[in-house]
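Understanding the architecture of this molecule
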Amino acid sequence: MQVVHAVPEDARAVAEIHVDAWRSAYSRILPADYLASLSVEKREAMWKNIVESGQTELLVAKDGGAILGWVSFGACRDKDAPSSQAELWAIYVAPNSWFKGVGRQL
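Every chain is numbered on its own, with residues counted from 1 as its sequence reads. Only residues with pLDDT of at least 70 are given local features in this predicted model, and only at 80 or more are side-chain atom pairs given and counted; all residues enter the totals for whole chains, interfaces and linings. Hydrogens are left out, water is left out, and the side-chain values use all remaining heavy atoms of the structure.

**Considerations on the sheet that holds strand 2 (residues 57-63)**
Strand-to-strand pairing in sheets goes through backbone hydrogen bonds, with the strands running parallel or antiparallel. Test applied: We treat two strands as partners when DSSP finds at least two bridges between them. The numbering of helices and of strands both runs from the N terminus, where a helix is a DSSP run of H or I of at least 4 residues and a strand a run of E of at least 2. The angle between two axes is taken between their N-to-C directions and runs from 0 to 180 degrees, where each axis is a line fitted to C-alpha atoms and a helix contributes only its stretch in contact. Any two residues whose heavy atoms approach within 4.5 Å at even a single point are treated as in contact.
Read from one edge to the other, the open sheet built from four strands follows the order 1-2-3-4, with strand pairing classed as antiparallel. The two strands at the open ends of the sheet, each matched to only one other strand, are strand 1 (2-5) and strand 4 (86-93). On average, adjacent strands in this sheet sit at an angle of 25° to one another, irrespective of strand direction. Two strands pair when backbone bridges link them, and strand 3 (residues 66-75) and strand 4 are joined in this way by seven bridges, in the antiparallel orientation. Paired with G74 across the two strands is E87, which belongs to strand 4. Packing of helix 1 (residues 11-25) onto the sheet brings it into contact with strand 2, strand 3 and strand 4, and relative to strand 3 it is tilted by some 90°.

In structure tokens:
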């Protein structure tokens, strides 16, 4: 497994993991109709824009050509935080890769 910077072409896989992980993790917490309404296409556009604009650091864990998970981070958004502090914004692993060490690698 390699952890590398995401490129715009990774946006689809990042979006699929984002939606799939929500649907798996929150199936007993959130309404089914809400989870069904989550759009891979909208998230793909969002992540492509984020990667292209550099709004956040986005790293992906790849095994061969498959993306298994991702992590998003950047400068701490607290108003009083020193510039040397960072913040983990999101970390997601594909449900079929849960408990396999992907999150630990990210």
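From this point, things continue past the structure.
**Some points on the nonpolar core**
Short version of the rule: Remark: nonpolar core denotes a set of buried residues (Ala, Val, Leu, Ile, Met, Phe, Trp, Tyr, Cys) joined through side-chain atoms within 4.5 Å. Each residue's exposure class comes from its accessible area (1.4 Å probe, protein chains only) as a fraction of the maximum for that residue type: buried when under 20%, exposed when over 50%, partly exposed otherwise.
Among the nonpolar cores identified, the biggest contains 21 residues, and V14, I17, W47, L58, V60, W70 and Y92 are the most heavily contacted of them. Here this core takes seven residues from helix 1, the largest share from any one element. Residues in contact with W70, not counting those within four places in the same chain, are V14, I17, H18, W47, L58, L59, V60, A90, I91, Y92 and L106.

**Points about the pattern of salt bridges**
Working definition: two side chains of opposite charge can pair if their charged atoms are close together. Worth spelling out the cut-off: Put simply, a salt bridge is a Lys or Arg side-chain nitrogen that is within 4 Å of an Asp or Glu carboxyl oxygen.
Summed over the entire model, instances satisfying the criterion amount to five salt bridges. Where E16 meets R12, a salt bridge forms, and the shortest distance between an N and an O atom there is 3.1 Å. Here R12 and E16 lie together in helix 1, a separation of four residues that amounts to about one turn. Judged by relative accessible area, R12 falls into the partly exposed class, the value being 32%. We note a salt bridge from R12 to E44, for which the minimum N-O separation is 3.0 Å. One end of the pair, R12, is in helix 1; the other, E44, is in helix 3 (residues 40-53), with 32 residues separating them in the sequence.

**Let's talk about unusual backbone geometry**
With a phi close to 65°, F99 is a non-glycine residue in the positive phi region. Here F99 lies in the loop between strand 4 and helix 4 (102-105). Accessibility expressed as a relative area gives 83% for F99, which makes it exposed.

**Regarding the side chain of S39**
Rules: The term polar contact refers here to a pair of N or O atoms within 3.5 Å; inside protein, the definition further demands a hydrogen-donor-capable atom paired with an acceptor-capable atom, and it admits residues adjacent in sequence only when both atoms are side-chain atoms.
Secondary-structure assignment places S39 in the loop between helix 2 (32-37) and helix 3. With relative accessibility at 18%, the residue S39 sits in the buried group. A distance of 3.3 Å separates a polar side-chain atom of S39 from the backbone nitrogen of E41.

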